[in-house]
Amino acid sequence: MKRFLALLLAVLLLGGCTPKEPQESRYQATFLALFDTVTTIVGYAPSEEAFSATAEAIHDDLESYHQLFDIYNTYPGVVNLKTLNETAGKAPVKVDKKIMELLAFCREVYDATSGKVNIAMGSVLQLWHEAREDGIADPANAKLPEEAALTEAAKHTDLSQLILDEEAGTVYYADPEMTLDVGAIAKGYALEQVCKTAPEGLLISVGGNVRATGAKPDGGSWVVGIQNPTGEEGYLHTLEVQDISVVTSGDYQRYYTVDGVSYHHIIDPETLYPGRMWRAVTVLCPDSGLADGLSTALFLLPQPEGQALLDKFGCEALWVDSENNLHYSPGFRDYIRT
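Since we're looking at a predicted model, the values are computed, not measured.

Caption draft 1: Region of the structure containing the pairing of strand β6 (residues 203–206). Alternating residues of β6 divide into Leu 203 and Ser 205 and Ile 204 and Val 206, and every residue in both groups is buried. Here strand β2 (residues 39–45) runs beside β6; their pairing, made up of four bridges, is antiparallel. Directly across from Val 42, in β6, lies its bridge partner Leu 203. Bridge count for β6 against strand β7 (residues 209–212) is four bridges, and the pairing is antiparallel. Within β7, the residue paired with Ile 204 across the bridge is Arg 211. Counting the residues in the hairpin turn of β6 and β7 gives two residues, including Gly 207, whose phi is positive at 60°.

Caption draft 2: Spotlight on the sheet that holds strand β3 (residues 93–94). The strand order across the open sheet built from three strands is β3-β5-β4, with neighbouring strands paired in antiparallel fashion. At either margin of the open sheet sits one strand with a lone partner, and together these are β3 and β4 (162–165). By the bridge criterion, two bridges tie β3 to strand β5 (residues 170–173) in an arrangement that is antiparallel. Bridging across to β5, Lys 94 finds its partner in Thr 170. Those strands touched by helix α4 (residues 97–112) are β4 and β5, and its axis lies near 130° from that of β4.

Caption draft 3: Focus on empty space enclosed by the protein. The full count for this structure, using the stated rule, is one cavity of 30 Å³ or more. Of the volumes computed, that of the largest cavity is approximately 30 Å³. If you trace the largest cavity, you find it lined by Ile 226, Gln 227, Pro 229, Leu 236, Thr 248, Ala 280, Val 281, Thr 282, Leu 318 and Val 320. Breaking the lining of the largest cavity down by element, the ones donating at least two residues are β8 (222–227), β13 (278–285) and β14 (316–321).

Caption draft 4: Looking closely at the packing of helix α7 (residues 186–195) against helix α8 (residues 288–299). Running from N to C, α7 and α8 point in directions that differ by 165°, and their axes come no closer than 6 Å. The angle between α7 and α8 falls in the class roughly antiparallel. α7 and α8 meet at a crossing whose hand is right-handed. Every residue of α8 that contacts α7 at Ala 186, Lys 187, Gly 188, Tyr 189, Leu 191 and Glu 192 is listed here: Ser 288, Gly 289 and Asp 292. The residue inventory of the contact of α7 with α8, partitioned by class, reads three nonpolar, three polar and three charged.

Caption draft 5: Representation of the pattern of salt bridges in the model. Under the criterion given, the structure shown has nine salt bridges. In this structure, Arg 337 and Glu 240 form a salt bridge, with 3.7 Å as the shortest nitrogen-oxygen distance. Within this pair, whereas Arg 337 is found in the segment after β15 (326–328), its partner Glu 240 is found in strand β9 (residues 235–241), the two being separated by 97 residues in sequence.

Caption draft 6: The arrangement of the state of the cysteines in detail. Under the counting rule described, the total for this entry stands at zero disulfides. Summary of cysteine pairing: Cys 195 is not part of a disulfide, and the nearest cysteine sulfur, belonging to Cys 285, is at 13 Å. Note on Cys 195: relative accessible area 8%, which makes it buried.

Caption draft 7: Quick look at helix α5 (residues 122–137). Between its terminal C-alpha atoms α5 stretches 22 Å, which fits the 22 Å expected from 16 residues at 1.5 Å a residue. For α5, the set of buried residues is Gly 122, Ser 123, Val 124, Trp 128, Ala 131, Arg 132 and Gly 135. For α5, the elements touching its buried residues are α6 (147–154), β11 (255–258) and β12 (261–264).

Caption draft 8: Seen up close, the sheet that holds strand β1 (residues 25–31). Spatial ordering of the open sheet is given by β1-β2-β6-β7-β10-β13-β14-β15, a layout of eight strands whose pairing is antiparallel. Every other strand in the sheet has two partners, leaving β1 and β15 as the edge strands with one partner each. Strand-to-strand twist of the sheet, defined as the mean angle between neighbouring strand axes without regard to direction, takes the value 15°. Inspection of the sheet shows β1 paired to β2 by seven bridges, in the antiparallel sense. Bridge pairing links Tyr 27 to Gly 43 in β2. Running at roughly 155° to β13, α8 makes contact with β7, β10 (245–250), β13 and β14 of the sheet. Sitting on the sheet, helix α9 (residues 303–313) is in contact with β13, β14 and β15, with an inclination near 165° to β14.

Reading guide: rules and limits
Residues numbered from 1 in each chain as written. Predicted model: local features only at pLDDT ≥ 70, side-chain atom pairs only at ≥ 80, totals over all residues. Heavy atoms only, no water. Buried < 20%, exposed > 50% of the residue type's maximum accessible area, 1.4 Å probe, protein only. Helix = DSSP H or I, 4+ residues; strand = E, 2+ residues; numbered from the N terminus. Pairing = 2+ DSSP bridges. Contact = heavy atoms within 4.5 Å. Axes fitted to C-alpha atoms, helices over the stretch in contact; angles between N-to-C directions. 1 Å grid on protein atoms, 1.4 Å probe; cavity = no way out; pocket = protein on both sides within 12 Å on 5 of 7 lines; lining within 4 Å. Points joined across faces, edges and corners; volume = space filled by probe spheres on them. Parallel < 35°, antiparallel > 145°, perpendicular 65-115°, else oblique. Left-handed = near helix turned anticlockwise from the far one by under 90°. Nonpolar A, V, L, I, M, F, W, Y, C, P; charged D, E, K, R; others polar. Salt bridge = Lys/Arg side-chain N within 4 Å of Asp/Glu carboxyl O. Disulfide = S-S within 2.5 Å. Expected span 1.5 Å × (residues − 1).

Written as structure tokens, this is what we have:
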């Protein structure tokens, strides 16, 4: 049989023709509920039905992570982070392995960033969240969180008070006033876990956390645009990517205005106020969860300290400063298309 196939191939080549590969078309699926943002999946498949099956499977995987990592809503039969924030300060709570693995990863990111990415900041972030929601709903009466309230909340942000018993599969808050907020990491982390089993050759975006699972079927790269934080038309750059993630943290995404000053959602654990060093930071990293954490950390750090973090993990970044000047890590330009 092998000899027959070899002879057939030789005849086809000599005859000036080659076996035809299955034709694949480009498809896109969009979902609106995952992680309270827009999720887009782009890929190639021999039919719409085949692509839809792939997209639905990815959606279902992401939905599982969304429900587990949600700090605002409960779901039937699901012990999630909202459950932990309400009960883990009283006694250890048995959790899904996905939560345990996320919290262990968040602890690693905390250590790597010297506390700049701290999921135990929940009580502080909640004050900013409430002030921002009120300010957006009623701009004329927008206010900052009370200084005393921020100071009191900051007393309950010690991540060492998070007790993970991996053998028992339980989580306990030694400080019952501590609350977790995994917003700086959860989307990227969930996306990375899903991409580990997703087919190659997809481009997936979860609220702007972009992950390519490989090249296009023809071997070409995906093109990803970096938004201009000024809101102007066009991109700062377009990038060519294959098996890598692109994650941006910026001051233009979630914010409100008080007395003519804009206050965004990326809070510095040291000052308890929004970071002012950069307008945006885009990170390129093979791991989407790590990219998510690094983009937050670099947003709050001077460029030399941020570059040291990038060097540690072999990642690249683009910084946009307060005057909209661009600063690049040494290898970032290798990905630039325009």
